Amino acid sequence: MRVRTLAVALLAGGLALTACGKEGSPGDTGSAPTQQVAADVKVDGSPTFEKMKSRGKVIVGVKEDQPGLGYKDPTSGKFTGFDIEIAKLVAAKLGFESDKIEYKAIASQGREQALINGDVDYYVGTYTINAKRKEQVGFAGPYFTAGQDLLVKKDDNSITGPDTLKGKKVCSVTGSTPIQKVKTEGLTEPENIVELQNYSQCVTQLEQGAVDAVTTDDAILKGYASQDPSKFKVVGKTFSSEPYGIGLPKDDKALRDKINDILEAAINGGDWQAVYDNTLGKSGSTANKPVLERY
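The structure contained in this document is the topic of the report that follows. Just so you know, these numbers come straight off a predicted model, no measurement behind them.

## Description of the pattern of salt bridges
Move 1: Taken as a whole and judged by the stated rule, the model has 14 salt bridges.
Move 2: Of the charged contacts, one joins Asp163 and Lys237 as a salt bridge, the two residues approaching to 4.0 Å between their closest N and O atoms. Placement of Asp163 in the loop between strand S8 (148–153) and strand S9 (170–173) and of Lys237 in the loop between strand S12 (232–234) and strand S13 (242–249) is noted, with a sequence separation of 74 residues between them.
Move 3: Assessed through its relative accessible area of 56%, Asp163 is described here as exposed.

## Points about helix H1 (residues 47–55)
Move 1: Listed in full, the buried residues belonging to H1 are Thr48, Phe49 and Met52. Buried residues of H1 fall within an arc of 100° about the axis and therefore sit on the same side. Exposed and facing more than 90 degrees away from the buried side of H1 are Pro47 and Ser54.
Move 2: Buried-residue contacts for H1 involve strand S1 (58–62), strand S6 (122–123), S13 and helix H8 (253–269).
Move 3: Positive phi appears at Gly56, one or two residues downstream of H1, with a value of about 80°.

## Some remarks on the layout of surface pockets
Move 1: In this structure, the largest pocket occupies an estimated 330 Å³ of space.
Move 2: What lines the largest pocket is a set of 17 residues, among which Asp218, Lys222, Gly236, Thr286 and Ala287 lie closest to the centre.
Move 3: Lining the lining of the largest pocket are residues from two domains, each supplying at least three of them: domain 1 (47–146 + 243–283) and domain 2 (148–234).

## Regarding the sheet that holds S12
Move 1: If you trace the five strands from one edge of the open sheet to the other, you get S10-S9-S11-S8-S12, paired in mixed fashion. The open sheet terminates on both sides in strands that have one partner only, identified here as strand S10 (193–196) and S12. Across the sheet, the mean angle from the axis of one strand to that of its neighbour is 30°, orientation sign disregarded.
Move 2: Of the strand pairs in this sheet, S9 and strand S11 (residues 213–217) are connected by two bridges, and their pairing is parallel. Paired with Cys171 across the two strands is Val214, which belongs to S11.
Move 3: Packing of helix H7 (residues 218–227) onto the sheet brings it into contact with S8, S11 and S12, and relative to S11 it is tilted by some 130°.

## Let's talk about the pairing of S13
Move 1: Taking burial as the measure, the eight residues of S13 include eight buried ones, the bulk of the element.
Move 2: Bridge count between strand S7 (residues 137–146) and S13: seven bridges; the pairing is antiparallel. For Thr145, the partnering residue across the bridge sits in S13 and is Pro243.

## Notes on the sheet that holds strand S2 (residues 65–66)
Move 1: Here three strands make up an open sheet; going across it, the order is S2-S3-S4 and the pairing antiparallel. Each of the sheet's edge strands pairs with one partner strand only, and the pair in question is S2 and strand S4 (79–80).

## What about the packing of aromatic side chains?
Move 1: This structure, assessed with the given rule, holds twelve aromatic pairs.
Move 2: A ring pair is formed by Tyr123 and Tyr127, whose centres lie 5.4 Å apart and whose planes are at 70°; its orientation type is edge-to-face. By the burial criterion, Tyr123 is buried, and Tyr127 matches it.
Move 3: With centroids separated by 5.7 Å and ring planes inclined at 5°, the aromatic side chains of Trp272 and Tyr276 adopt a geometry described as stacked. Pair noted here: Trp272 and Tyr276 are both in helix H9 (residues 271–277), with a separation of four residues, about one helical turn.

## Observations concerning helix H5 (residues 177–184)
Move 1: All of the buried residues in H5 are Pro178, Ile179 and Val182. Around the axis of H5, the buried residues are gathered within 95° of arc, so they sit on the same side.
Move 2: Packing partners of the buried residues in H5 comprise S8, S9, S10, helix H6 (199–208) and S11.
Move 3: Phi for Gly186, located one or two positions after H5, is positive at around 60°.

## A few points about the nonpolar core
Move 1: Phe82, Leu94, Tyr122, Phe144, Leu151 and Ile246 are the most contacted members of the largest nonpolar core, which has 57 residues in total.
Move 2: By residue number, the principal contributor to this core is helix H2 (residues 82–93), which donates seven residues.
Move 3: Viewed by domain, this core spans two of them, domain 1 (47–146 + 243–283) and domain 2 (148–234), each represented by three or more residues.
Move 4: With near-sequence residues (within four places) excluded, Ile246 lies in contact with Ile86, Val90, Tyr122, Tyr123, Val124, Gly138, Phe139, Ala140, Tyr143, Ile259 and Leu263.
Move 5: Leu150, Leu165, Ala213 and Phe239 belong to the second largest nonpolar core, which has eleven residues in total.

Cut-off values and rules
- Residues numbered from 1 in each chain as written.
- Predicted model: local features only at pLDDT ≥ 70, side-chain atom pairs only at ≥ 80, totals over all residues.
- Heavy atoms only, no water.
- Salt bridge = Lys/Arg side-chain N within 4 Å of Asp/Glu carboxyl O.
- Helix = DSSP H or I, 4+ residues; strand = E, 2+ residues; numbered from the N terminus.
- Buried < 20%, exposed > 50% of the residue type's maximum accessible area, 1.4 Å probe, protein only.
- Arc of directions from axis to C-beta.
- Contact = heavy atoms within 4.5 Å.
- 1 Å grid on protein atoms, 1.4 Å probe; cavity = no way out; pocket = protein on both sides within 12 Å on 5 of 7 lines; lining within 4 Å.
- Points joined across faces, edges and corners; volume = space filled by probe spheres on them.
- Domains from an automatic or database assignment.
- Pairing = 2+ DSSP bridges.
- Axes fitted to C-alpha atoms, helices over the stretch in contact; angles between N-to-C directions.
- Phe/Tyr/Trp six-rings, centres within 6.5 Å; stacked < 30°, edge-to-face > 60°.
- Core = buried A, V, L, I, M, F, W, Y, C linked by side-chain atoms within 4.5 Å.

Structure (structure tokens):
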């Protein structure tokens, strides 16, 4: 699925999780507490990390139009969401406080080139790991495993999965992999397929009753559901597998290994779950912890 549209306080490195909800705790998008400086962190053999240290900040590629994942508030300019918190978590363990992170919004089609050009140090934004992309860039993770799912109204119990879509109007983005899957597998009749330019338009149509379901990655759908869980729900029966990874310069194995270590500690130690619960988890949907592959 091409339209993909998850600093958290850590248990180690001087970033203790606290019950007081201070800035920098999981899911909180304010400034992180005092952290170790980058000079105290070693990533031997990583040219990307050396560049970060030299400039005194980390530049992270993100999405800006995916509520609950990577979203930029048009008024405050503040970035929030699961992917933003994962980006912060990594930066914190690399020794960069929240005020030393620059977020750069990069659309899906520009991700590989941004990493190749060195415009960003790493990229966190519903970036599915696949063989074609690995020819150009490296990946750490996955930090989340998404799958195609369905967003429906909260009180709609008639749609329980892809096998219950016959006779239902289904919306997705024009030309996207999700809508192609609906078509090729004949999940609903051709006249019931609605294609729009973005998922926000589909969600509006769902709210107004013009369509019965919106389909794309469950992570994206959970982001919309988390905005108003009293109106929407994610069915929870995925019918594809999309491992989201952190994009990196292809040949920087040292940084890739370091970020894999960071992710593994977060997943096993509870920080990943805290981030999920305070972002996508607000949709009311649970998530299975990802299994790190160390690509």
